[in-house]
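Okay, here's what each chain looks like letter by letter:
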Amino acid sequence: MHTQFEENANPADILMDILSGKGVNPVRPFSAADLVREWECSGSKWSAETKTGDSGVETDGKVAEAARPLGPEDLGQLVSGRGAPWVLQAALCHNRYLLQQYRRVSALALEVGVASLAGGLMGIAVQSADGELYKGILVSPYELLSPSTLQWLMPQLTLLIGMACGLAGAPAGVKVFGEEKPIYWREAAAGHNRLAYYIGKTLSTLYRSLLAALHFAAIFTWLAAPASDFALIFGVVSMLFFCVYGLAAIVSMLVRRENAALLAVVACLFAAVICGYGPTITNARQWKVSFVWDISFNRWAAEAFVTRELEVYSSIYKLSATADEFGYALDGNVARPLGYMCLLGVAFRAVAFVLMVVLDRDMQR
């Protein structure tokens, strides 16, 4: 059919390019639909030749039935039965991306190093407080003896932690899908399962995000010495990286690769600012726009962190005053805000998957 390929090209790539109609043909360019029509005509001609035989004698009924022309329903059955099962495709995509990360270990080391540096900076920023990150109004009847309050420090610290996680995780998050769009288009055109590809790659990124969160949380806990336990801080930072990667995936689907890293960082910074430090959640409720704060993952990170940090002061200070000023629940339940963060991260990834399937449809055929 006059299709030309490089002599040293990968045979698997050649086959996928043929199936998607992307080979170089100086005589006649073939699209995927043209190839299907050519295969149908060739199949019909081969069937007729097989039925009559070289001598012109008709074969028996079984051979004629086996060599009947292929119709659209037969091609549909062939395509539906082609390829590995869904779970195996997801596992192969997962393992392939792990291998890619292993071969580019310098990029992983850079991400972990940036996360460690960010955690160290956040810890140094509050190290002078000697672990006393909160001062409020004393409980009754000692209100008039209360020292100068320090209620704003914890929300501000969470704002800075959210910004640091965005700066550390967003550039790596856009590379997960942004740099492999041509590979995805080619595999989707060849009939690979899109959801299996997406889930496999998404699961393979969890390890590096957890590793970065572990370094961030460990160094921050060591330097800041907060009242919260390490497990809670690691959980909050892990969910922050989880949401940052999800938001970065959305950005990588919408813009070009050259601009995706910068826009992802800006989007994560916006989400980090809307955490309840200023404007507070109380202000947002007065303005009837609290739903904007509710879809910000750093708002729930702040609630979980502030709730656990202030628990040790419940018998000393009036926590209700801080709750009224900033709008946090402060009811001792940290599982709820962490659960909301997990749901937001999953929702971000669901939106990114829809964008991946809907956009550039002509490249996926």
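Residues numbered from 1 in each chain as written. Predicted model: local features only at pLDDT ≥ 70, side-chain atom pairs only at ≥ 80, totals over all residues. Heavy atoms only, no water.

## Observations concerning helix H15 (residues 319-326)
The following threshold applies: Remark: exposure states derive from per-residue accessible area (1.4 Å probe, protein chains only) relative to the maximum for the residue type, with buried under 20%, exposed over 50%, and partly exposed in between. By definition, any uninterrupted DSSP run of H or I lasting at least four residues is a helix, any uninterrupted run of E lasting at least two residues is a strand, and each is numbered from the N terminus. Here the arc refers to the set of directions running from the helix axis out to each C-beta atom. Only heavy atoms matter for contacts: two residues are in contact if any of them lie within 4.5 Å across the pair.
Listed in full, the buried residues belonging to H15 are Leu319, Thr322, Ala323 and Phe326. Projection of H15 onto a plane perpendicular to its axis shows the buried side chains occupying an angular sector of 100°, all on one side. Looking at the buried positions of H15, the neighbouring elements they touch are helix H7 (153-178), helix H12 (281-286) and helix H14 (297-310). The first or second residue beyond H15 is Gly327, which carries a positive phi of 95°.

## Some remarks on the pattern of salt bridges
Filter applied, for reference: For this analysis, a salt bridge means a side-chain nitrogen from Lys or Arg found within 4 Å of a carboxyl oxygen belonging to Asp or Glu.
Counting across every chain of the model gives 12 salt bridges. Ionic pairing is found between Arg104 and Glu179, a salt bridge with its closest N-O pair at 3.7 Å. Taken together, the residues span a long stretch of sequence, with Arg104 in the loop between helix H5 (86-103) and helix H6 (105-125) and Glu179 in the loop between H7 and helix H8 (181-189) at a distance of 75 residues. Residue Arg104 is classed as partly exposed on the basis of its relative accessible area, which comes to 41%. Exposure remark for Glu179: the relative accessible area of 34% places this residue in the partly exposed category.

## What about a nonpolar patch on the surface?
Our working definition: Only residues whose relative accessible area exceeds 30% and that take part in no salt bridge are eligible for patches, with like-charged residues grouped when within 9 Å of each other and nonpolar side chains (Val, Leu, Ile, Met, Phe, Trp, Tyr) grouped when within 5 Å. Computed with the Shrake-Rupley method and a 1.4 Å probe, the accessible areas treat only the protein chains shown as cover for residues.
A cluster of nonpolar side chains, Leu254, Val354, Val358 and Leu359, forms an exposed patch at the surface whose accessible area comes to about 330 Å². By secondary structure assignment, the location of Leu359 is in the segment after helix H16 (335-358).

## Structural notes on unusual backbone geometry
Here the amide bond leading from Ser140 into Pro141 is cis, since omega sits at 10°, within 30 degrees of zero. Topologically, Pro141 is positioned in the loop between H6 and H7. Of note, the bond from Gly278 into Pro279 is cis; its omega dihedral lies within 30 degrees of zero at 0°. Following the sequence through the fold, Pro279 ends up in the loop between helix H11 (257-273) and H12. The backbone of Ala225 shows a phi angle near 50°, a positive value even though the residue is not glycine.

## Points about the confidence of the model for the protein chain
Put simply, the test is: Per-residue confidence from the predictor is given as pLDDT, running between 0 and 100.
Across the protein chain, the average pLDDT comes to 83, with 83% of residues at or above 70. Counted against residues more than four places away or in other chains, residues 54-66, with its pLDDT under 50, gives nine contacts.

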